[in-house]
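One letter stands for each residue in the lines below.
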Amino acid sequence: MDEYIQVLEHLKAGRPWPPLAPKTVCHCLWAWKRHPKNPQELLDLDSIVSLTSQVVCSNRSDAWRSRLAVDDIFHLTVSVNNPTVWFHLVPIKCISFVWRTCMGRIPTAMTLSKRGIKISSISCQICSNGVDIADHILLECPDAVDSLVWIFIWCGIPFQRFRLISDFVNFAVIWGKCSKNRKIFIAIRYGFLWCM
Ligand SMILES: [Zn+2]
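The shown structure was predicted, so the numbers you read here are calculated from the model rather than taken from an experiment. Throughout this description, residue numbers start from 1 for each chain and increase along the sequence as written. For a predicted model such as this one, the threshold for reporting local features is a pLDDT of at least 70, and the threshold for listing and counting side-chain atom pairs is 80 or more; totals across whole chains, interfaces and linings nevertheless cover every residue.

Some remarks on the confidence of the model for the chain
Close inspection of predicted coordinates is inappropriate in any region flagged by low pLDDT. Note: pLDDT gives the predictor's confidence per residue, expressed from 0 to 100. Here the chain shows a mean pLDDT of 79. Residues at 70 or above account for 81%. In the model of the chain, helix α1 (residues 2–12) stands out as the element of lowest mean pLDDT, 62, in contrast to helix α5 (residues 134–140), which has the highest, 91. Any residue pair is listed as a contact if its two C-beta atoms, each placed from the backbone, are within 7 Å. Considering only residues more than four positions removed or in separate chains, one finds that residues 20–25, a stretch of pLDDT under 50, has 6 contacts. Strands here are runs of E lasting at least two residues and helices are runs of H or I lasting at least four, both read from the DSSP assignment and numbered beginning at the N terminus.

Below you can see the structure in the form of structure tokens.
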């Protein structure tokens, strides 16, 4: 309580609290929004000040550190080629699936094999004429192509083939001049990929 009175007297005199202690290692400037109102807040304040007084500021720029990284710095890898769009017309499960597909995160035979899992064959289990990768299963397999042909007919658009999921999705993103029709077209494509 003595400390509380001491602080109140300090504030009454118009001096900022807490004052910078001469022995403080961290030369930070406090900018409080208001003064402490009760003994509990004063205790909290005291805890913060004593804790931060031991902090040694570094001249290095802020960064996430990771011992697994080669340069000891955690990096967030962003795919600039990921055409995934996000809007409410497309169910989140479909968006998530397409996003994972574009990022190569679908557990196809090829993907599992690359992760060291023993796979008897990386050939497509449906047609045996291609490699079991997402681009083939969803765009090149005969069943997928048949479905795509019908979707293009249904939408009144000349059919064309795509080799990559990203190209397939990008086509819808830049297709047409009407934004409303484009969104419907994108939703159909996302739905198709998820259903396949
Ligand atoms: Zn196939």
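That shown, we press on.
Concerning the environment of V173
For V173, the position within the fold is in helix α7 (residues 165–173). In this structure the C-alpha to C-alpha distance between V173 and F185, which are 12 residues apart in sequence, comes to 8.6 Å.

Quick word on the packing of α7 against helix α8 (residues 179–195)
Helix axes are fitted only over the stretch in contact, all axes being lines through C-alpha atoms; the angle between N-to-C directions runs from 0 to 180 degrees. Across the interface, α7 lies against α8 with an axial gap of 8 Å and an inter-helix angle of 160 degrees. Judged on the interaxial angle alone, α8 and α7 are roughly antiparallel. For the pair α7 and α8, the crossing hand works out as right-handed. Between α7, through F168, V169, A172 and V173, and α8, the contact on the second element is made entirely by F185, I186 and R189. Partitioned by chemical class, the residues of the contact of α7 with α8 number 6 nonpolar, no polar and 1 charged. Angle categories: roughly parallel below 35 degrees, roughly antiparallel above 145, roughly perpendicular from 65 to 115, and oblique for all the rest. Note on convention: near helix rotated counterclockwise from far helix by under a right angle means a left-handed crossing. Clockwise means right-handed. Amino acids are sorted into nonpolar (Ala, Val, Leu, Ile, Met, Phe, Trp, Tyr, Cys and Pro), charged (Asp, Glu, Lys and Arg) and polar (every other residue, Gly among them).

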